[in-house]
2 protein chains.
Amino acid sequence: MPTELPTEPPTGRLSRARILAAAIDLVEREGADAVSMRRIASELGVGVMSLYNHVPNKDALLDGVAETVLSGVEFTDDPGAHWTDRVRMQARAFRQIAHHYPRCTMLVVSRQLHSHAGLLPVERALATLRGAGFGGEDAVRALRMFIAFIVGSLLREVGVTPTFAPVHAGTLKAEEVDPALFPEVSALAPLLDSCDHEAEFEFGLELLIQAIGVHAGRGEGAR
Amino acid sequence: MPTELPTEPPTGRLSRARILAAAIDLVEREGADAVSMRRIASELGVGVMSLYNHVPNKDALLDGVAETVLSGVEFTDDPGAHWTDRVRMQARAFRQIAHHYPRCTMLVVSRQLHSHAGLLPVERALATLRGAGFGGEDAVRALRMFIAFIVGSLLREVGVTPTFAPVHAGTLKAEEVDPALFPEVSALAPLLDSCDHEAEFEFGLELLIQAIGVHAGRGEGAR
DNA sequence: TTGACGCACGTACACCGTACGTGCAAGCCT
DNA sequence: AGGCTTGCACGTACGGTGTACGTGCGTCAA
């Protein structure tokens, strides 16, 4: 469990932290579509317009949600480890978002954050790569590659149905598709609509780490 | 340019195709946030509720937009080519979405489509991979990897700011970040806030194709 | 004590999705 | 031809949305 993000004071005065906590809670319970200023206010037992004393508008509030969730990921970095292990750890830390805040994942992924919370993972990743001997351009390239992979993977994992959907196990694929039109899809349907997200993520991660390692000519040694 | 999607009849009666065309146009001109049933109706010079004779609700309308955009990608497949070339072509075709319909990209990516339009690219990809000798599991794995990469790359490319933002060239990074807190980000700022999306995409694509090729032990030959 | 200020709150407005009812035109069956 | 069904454009209405603005109350500084 991530570090109990904003240390929400459960009572007393309103605050940005309490509002964000309520918003995150609401998103996780009922989905992003259920979020409205009125809903959050009523959740907090407070007038709607009171929120605007702590948050400029709804969009900024959602940015705050994304930022808070992102800053809640636990990056445990071991500067002594091999760069491949460090990258692995950082990527997995990112994926924790999809576990702890599945309904918020879309928010985090769909707004780029220029705040500290958004820059910190970038800084860590770049430090790791540069420490492993990557040049500036190579490091940025590799980082972008990892981010694209992680973002794409998380979106697949959270299913990204807007409101409902616990996780939609059997997504009405099988026997629904015409085997004449889509022979491969039809034949592979069992494989397609079941997905071990963890295994899939780990597979892609290893593939990427190894590929980037050999690309930069440091598949083995280095530090 | 994609194939003039629904062959919109410019006048006469209302139709699902005309509504979808108007919606796509509106999204591209003013962003997804500008889309409302009233807005689309007034765009078409028609009463709001007339739309509901052709579309069950707004959500389905947006699904239709995503589906239409997706079905507009030009997949030119050469069954005789090497599988690596075919995969390259398919990935690039996908990326065309971000060029022709940048503001719609988020819609396409954020709703999974179980329709023909959504299944066709999957079918094609699986067919080429299986034709190259990939087993069922390997093919599905590889496909998921490619999709994650492509989705992540497209999201980065379209910037994914909800409404405005032409593309935000210099995104207020440089001289904004504290070099003491984020030394790497600060040092690499010029590299970070400029991005040749095409080159970046091609780099990742080659990396992935090569990695998946060697992973499956068919880096060179095969067919 | 008095003034300023922070902040919770109510009201109001423009806009949203859409349920429901109405009326008109075209096509079908006797 | 007369009647009926059906399809479709449209208006009205309801509950919900973000938020601009004004008001009043508490707590501090002078």
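Residues numbered from 1 in each chain as written. Chains lettered and ligands numbered in written order. Predicted model: local features only at pLDDT ≥ 70, side-chain atom pairs only at ≥ 80, totals over all residues. Heavy atoms only, no water.

Labelled according to an unreviewed UniProt entry, chain A appears under the name Transcriptional regulator, TetR family, originating from Nonomuraea pusilla.

Here we come to the protein's contact with DNA strand D. Arg38, Tyr52 and Lys58 of chain A together with Met49 and Ser50 of chain B are the nearest of the 17 residues found near DNA strand D. Atoms of DNA strand D within 4 Å of the protein belong to the sugar or the phosphate in 48% of instances, the rest to bases. Interatomic distance of 2.9 Å between a side-chain N/O atom of Tyr52 of chain A and a phosphate oxygen of DNA strand D. Between His54 of chain B and DNA strand D, the recorded distance is 2.9 Å, taken from a side-chain N or O atom to a phosphate oxygen. (Near = heavy atom within 4 Å. Polar contact = N/O pair within 3.5 Å; in protein donor to acceptor, adjacent residues only side chain to side chain.)

Turning next to the interface of chain B and chain A. Between chain B and chain A, the residue contacts involve 54 residues of the former and 53 residues of the latter. For the pairing of chain B and chain A, the buried interface totals around 4,900 Å² over both sides, and the portion due to carbon and sulfur atoms is 72%. If you sort the residues of chain B by the area they bury against chain A, Glu123, Arg144 and Phe182 of chain B come out on top, with a joint share of 14%. On inspection of chain B and its partner chain A, the count reaches 2 salt bridges. Close ionic contact of Glu200 of chain B with Arg144 of chain A constitutes a salt bridge, the shortest N to O distance being 3.6 Å. (Contact = heavy atoms within 4.5 Å. Buried area = accessible area lost by both parts, 1.4 Å probe. Salt bridge = Lys/Arg side-chain N within 4 Å of Asp/Glu carboxyl O.)

What UniProt calls "DNA-binding region" (unreviewed entry) maps, in this numbering, to residues 36–55 of chain A. Between the first and last C-alpha atoms of residues 36–55 of chain A the distance is 13 Å; the span itself is 40% helix and 0% strand. (UniProt positions renumbered as here; feature names shortened; annotations may be inferred. Helix = DSSP H or I, 4+ residues; strand = E, 2+ residues; numbered from the N terminus.)

Moving on to the relation of the copies chain B and chain A. When chain B is brought onto chain A, the operation consists of a screw motion whose angular component is 180° and whose axial shift is 0.0 Å, with 0.0 Å RMSD remaining. The two molecules are tied by a two-fold rotation axis, judged by turn and shift. Of all interface residues in chain B, 98% are interface residues in chain A too; the two copies therefore contact each other through one and the same surface. (Least-squares fit on C-alpha atoms with pLDDT ≥ 70 in both.)

A few words on the packing of helix α4 (residues 83–100) of chain B against helix α6 (residues 116–131) of chain B. Residues and elements named next belong to chain B. For the pair α4 and α6, interaxial distance at closest approach is 9 Å and the crossing angle is 165°. It follows that α4 is roughly antiparallel to α6 by the angle criterion. Classified by chirality, the crossing of α6 by α4 is left-handed. Two secondary-structure elements touch here, α4 through Trp83, Arg86, Val87, Gln90 and Phe94 and α6 through Pro121, Arg124, Ala125, Thr128 and Leu129. Tallied by class, the residues present in the contact of α4 with α6 amount to 6 nonpolar, 2 polar and 2 charged. (Axes fitted to C-alpha atoms, helices over the stretch in contact; angles between N-to-C directions. Parallel < 35°, antiparallel > 145°, perpendicular 65-115°, else oblique. Left-handed = near helix turned anticlockwise from the far one by under 90°. Nonpolar A, V, L, I, M, F, W, Y, C, P; charged D, E, K, R; others polar.)

This paragraph deals with the protein's contact with DNA strand C. In the vicinity of DNA strand C, 18 residues are found, and the nearest of them are Met49 and Ser50 of chain A together with Met37, Arg38 and Tyr52 of chain B. Backbone atoms, meaning sugar plus phosphate, form 52% of the atoms of DNA strand C positioned within 4 Å of the protein. Between DNA strand C and Ser36 of chain B there is a distance of 3.1 Å, counted from a phosphate oxygen to a side-chain nitrogen or oxygen. Residue classes in the surface near DNA strand C are distributed as 8 nonpolar, 6 polar and 4 charged.

A full pass over the atoms with the stated rule returns 4 cavities of 30 Å³ or more. Along its surface, the largest cavity is lined by Phe134, Asp138, Arg141, Ala142, Ile212, His215 and Ala216 of chain A together with Phe203 of chain B. Looking at the lining of the largest cavity, the elements that each hand over two or more residues are α7 (136–157) and α10 (197–215) of chain A. In terms of residue count, the dominant contributor to the lining of the largest cavity is α7 of chain A (3 residues). The class makeup of the residues in the lining of the largest cavity is 5 nonpolar, 1 polar and 2 charged. (1 Å grid on protein atoms, 1.4 Å probe; cavity = no way out; pocket = protein on both sides within 12 Å on 5 of 7 lines; lining within 4 Å. Points joined across faces, edges and corners; volume = space filled by probe spheres on them.)

On to the packing of aromatic side chains. One pass over the full model with this rule turns up 6 aromatic pairs over all chains. Relative to Phe201 of chain A, the ring of Phe149 of chain A lies with its centre 5.3 Å away and its plane at 25°, an arrangement referred to as stacked. On the criterion of sequence distance, the pair formed by Phe149 of chain A in helix α7 and Phe201 of chain A in helix α10 is long-range, its members being 52 residues apart. The pair Phe149 of chain A / Phe201 of chain A is uniform in exposure class, with both members buried. Each ring, one from Phe75 of chain B and one from Phe94 of chain B, has its centre 6.1 Å from the other, and the planes form 80°; the classification is edge-to-face. Here the residue Phe75 of chain B occupies a position in the loop between α3 (58–71) and α4, and Phe94 of chain B occupies one in helix α4, the gap between them amounting to 19 residues. With a relative accessible area of 16%, Phe75 of chain B lands in the buried category. A cation sits over an aromatic face here: Arg141 of chain A above Phe203 of chain B, 4.8 Å from the ring centre. (Phe/Tyr/Trp six-rings, centres within 6.5 Å; stacked < 30°, edge-to-face > 60°. Buried < 20%, exposed > 50% of the residue type's maximum accessible area, 1.4 Å probe, protein only. Lys NZ or Arg CZ within 6 Å of the ring centre and 35° of its normal.)

Residues and elements named next belong to chain B. Under the counting rule described, the total for this entry stands at 28 salt bridges over all chains. Between Arg29 and Asp25 there is a salt bridge, with its nearest N and O atoms 2.9 Å apart. Here the residue Arg29 and the residue Asp25 both occupy positions in helix α1 (residues 16–30), the gap between them amounting to 4 residues, near one helical turn. Take Arg29: its relative accessible area is 41%, and that puts it in the partly exposed class.

Moving on, we get to the nonpolar core. By size, the foremost hydrophobic cluster in this structure holds 72 residues, and its most contacted members are Leu126 of chain A together with Leu126 of chain B. Put simply, the parts of the chain that give this core at least two residues each are α4 (83–100), α6 (116–131), α7 and α10 of chain A together with α4, α6, α7 (136–157) and α10 (197–215) of chain B. (Core = buried A, V, L, I, M, F, W, Y, C linked by side-chain atoms within 4.5 Å.)

With respect to the helices and strands, Met145 of chain A occurs in helix α7. According to the relative accessible area criterion, Met145 of chain A is buried, its value standing at 4%. Separated by 63 residues in sequence, Met145 of chain A and Leu208 of chain A place their C-alpha atoms 8.3 Å apart. Apart from residues no more than four positions distant in its own chain, Met145 of chain A is found in contact with Leu208 and Ile212 of chain A together with Phe149, Gly204, Leu207 and Leu208 of chain B.

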